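# Report on the structure
Take a look at the letters that make up each chain.
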Amino acid sequence: MTVQDRPLKGAWGITALVFLFMLINFADKVVVGLAAKPIMEELKLTPDQFGLLGSSFFFLFAVAGVLGGFLANRVQTRHMLFGMAIVWSLVQFPIMMSATFQTLLVCRILLGAGEGPAGPVAVHALYKWFPDSLRGVPTAIVAQGSALGVIVAVPALNYIIVTYTWHWAFGALGIVGLLWAALWLIFGREGTLVDSPVHSAANGSEHVSYRHLLCCPSIVAACCAAFASYWGLALGLTWFTAYLVDGLGYTQTMGGNLFILPWLFGMTVVLTGGWYSQRLKKSGVSSRLSRGVFPAATVILGGCILPFIALTTEPGIKVALLVIGSAIGSTIYVVTPMIVSELTPHGQRAAMLAIVTSIYTAAGVVAPWAMGRIIQDAASRQAGYEHGFVILGGLLVVGGLIGLLFIRPEADKQRLAAKLGAMPAATPSPLRP
């Protein structure tokens, strides 16, 4: 195995720290949805208002993500990850001390701004340790920081909510974030693996027009499939526990415990899907199949499952359909950054990862608020929730079909190279001192 075919020394230790970084990232996201019922009762919020609160996290998320991505092209990622963790931690404490709708709204907007660059910068940091052929498993592991963040944090947060009130759950997250920042300050390092230019123009330039990259059919199609999937993720973050407690009649304790189910299933899907996609790629299968057809088909499958929620009366079956339908397409989150990385020069990768992430996570701006409006206008709370899940199913089918038809990285690589007057090169090499 050559140096180009193996990760750098220490790569798995950095992967573990970045994994914990994403774990805390998603624990911060889920706390509002987990405490939906007590927050709505204490602050006397309508579904429309609570939906706005859920969407507020994403108001600056995309803008901050893009700015952070361009910054990561010039600033070491270890500094950016540390700074983001500090911001996440500090914005939790005002919520613990002053419980008003306005405080929650402002702090969630600021938290979204702080977390906007987290995913793309974390992946960019990780890719400095692993070559392209070995990125499937570490990308899946870091992506599972989100699922495990829910699985690990939810029982603890739910216990705090039930025992000490929801205010203390935010304070606990602030303390955990500061502890991670201390660990990263001690052990965090910058990787030195640099991808050779994916495209080089005849004059030797390693820069590809962002217009060409953003109009690339594979990247556009991946964004569409991921947008539909993230619509479901945003609904889960804000409304899953509320549906169980308010719509199906579960207790807060039971609803909070069941909250981990889609994330547990999603973790299994992402790890398995990321491993299988990487195995296909290493065995010589095209990116078209391993990073396009395979994940897009699972997105479509999820969309086909969700409408059946409205056709059954058994609560347990409804929960199972929701869990499977909303999470089975989660492999799209693993392959999307790999598609972007495959088509983007190293010097532009952080910015492109951030732009793409900001595009598909923009679903979070609309989805929670739209669900709140649907619930508020429905004949019953349960009917409103389930109408929203049927709409999600339609979005997944459409997004998955677009991905299935248009994710073609090899063809797009040739097309971009032809525009630049050169053939692509994609052999990663270590940065020489």
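Residues numbered from 1 in each chain as written. Predicted model: local features only at pLDDT ≥ 70, side-chain atom pairs only at ≥ 80, totals over all residues. Heavy atoms only, no water.

## Re the confidence of the model for the protein
Scored by pLDDT, the protein comes out at a mean of 86, with 91% of its residues at no less than 70. Considering each helix and strand of the protein separately, the mean pLDDT is smallest for strand β2 (residues 428-430), with a value of 39, and largest for helix α20 (residues 381-406), with 96. Contacts of residues 423-433 to residues separated by more than four positions or lying in other chains number 28 contacts, the stretch itself having pLDDT below 50. (pLDDT = per-residue confidence, 0-100. Helix = DSSP H or I, 4+ residues; strand = E, 2+ residues; numbered from the N terminus. Contact = heavy atoms within 4.5 Å.)

## Structural notes on the packing of aromatic side chains
Given two aromatic rings, their pairing is described by the distance between the two centres and the angle made by the two planes. For the structure shown, the criterion picks out 23 aromatic pairs. Seen from their ring centres, Y276 and F294 are 5.2 Å apart, and the 75° between their planes marks the pair as edge-to-face. Within this pair, whereas Y276 is found in helix α14 (residues 261-282), its partner F294 is found in helix α15 (residues 287-305), the two being separated by 18 residues in sequence. The exposure class of Y276 is partly exposed, given its relative accessible area of 34%. For F294, a relative accessible area of 21% gives the class partly exposed. Feature note: the residues F57, F58, F61, Y230, Y333 and Y360 constitute an aromatic cluster, connected by ring pairs. Over the ring of F26 we find K29, and its NZ or CZ is 4.4 Å from the ring centre. (Phe/Tyr/Trp six-rings, centres within 6.5 Å; stacked < 30°, edge-to-face > 60°. Buried < 20%, exposed > 50% of the residue type's maximum accessible area, 1.4 Å probe, protein only. Lys NZ or Arg CZ within 6 Å of the ring centre and 35° of its normal.)

## Let's talk about the packing of helix α8 (residues 118-127) against helix α18 (residues 346-361)
It is the contact of α8 with α18, at a shortest axis distance of 9 Å, that shows an interaxial angle of 150°. Classed by the angle they form, the pair α8 and α18 counts as roughly antiparallel. As for how α8 packs across α18, the hand of that crossing is right-handed. Between α8 and α18, the contacting residues are P120, V123, H124 and Y127 on the first element and H346, R349, A350, L353, A354 and T357 on the second. Looking at the contact of α8 with α18, its residues break down into six nonpolar, three polar and one charged. (Axes fitted to C-alpha atoms, helices over the stretch in contact; angles between N-to-C directions. Parallel < 35°, antiparallel > 145°, perpendicular 65-115°, else oblique. Left-handed = near helix turned anticlockwise from the far one by under 90°. Nonpolar A, V, L, I, M, F, W, Y, C, P; charged D, E, K, R; others polar.)

## Let's talk about the environment of G255
With respect to the secondary-structure elements, G255 resides in helix α13 (residues 252-258). In this structure the C-alpha to C-alpha distance between G255 and I219, which are 36 residues apart in sequence, comes to 37 Å. With sequence-adjacent residues up to four places away left out, G255 is seen in contact with T241, L244, V245 and Y250.

## Concerning the side chain of N25
Mapped onto the elements, N25 comes out in helix α1 (residues 11-34). Look past the residues within four positions of N25 in its chain and what remains in contact with it is W88, E115 and A118.

## Things to note about unusual backbone geometry
Phi at K44 takes a positive value of approximately 55°, unusual for a residue other than glycine. One non-glycine residue, T165, adopts positive backbone phi at about 90°. By secondary structure assignment, the location of T165 is in the loop between α9 (136-164) and α10 (167-187).

## So, the side chain of T361
As for its position among the elements, T361 is in helix α18. Overall, the relative accessible area of 3% leaves T361 in the buried class. Within the structure, the side chain of T361 is placed 2.6 Å from the backbone oxygen of T357, a separation counted as a polar contact. The contacts of T361, once residues within four sequence positions are left out, are F58, F61 and Y230. (Polar contact = N/O pair within 3.5 Å; in protein donor to acceptor, adjacent residues only side chain to side chain.)

## Considerations on the pattern of salt bridges
If you walk through the whole model with that rule in mind, you get 12 salt bridges. A salt bridge links K37 to D246; the shortest N-O distance between them is 3.3 Å. Within this pair, whereas K37 is found in helix α2 (residues 36-43), its partner D246 is found in helix α12 (residues 217-247), the two being separated by 209 residues in sequence. Of the residues examined, K37 reaches a relative accessible area of 28% and is grouped as partly exposed. Here D377 and R373 are joined by a salt bridge, their closest N and O atoms 3.8 Å apart. Of this pair, D377 and R373 are both found in helix α19 (residues 363-377), four residues apart, which corresponds to roughly one turn of the helix. Owing to a relative accessible area of 30%, R373 belongs among the partly exposed residues under this scheme. Several salt bridges converge on common partners, so that one network encompasses K37, E41, D246 and R381. (Salt bridge = Lys/Arg side-chain N within 4 Å of Asp/Glu carboxyl O.)

## Looking at the packing of helix α3 (residues 47-56) against α19
Orientation of α3 relative to α19, taken along the N-to-C sense of each, is 170°, at an axis distance of 7 Å. As judged from the angle between their axes, α3 and α19 are roughly antiparallel. Between α3 and α19, the residues in contact are P47, D48, G51, L52, G54 and S55 and G364, V365, V366, P368, W369, G372, R373, I375 and Q376, respectively. When its residues are assigned to classes, the contact of α3 with α19 shows seven nonpolar, six polar and two charged.

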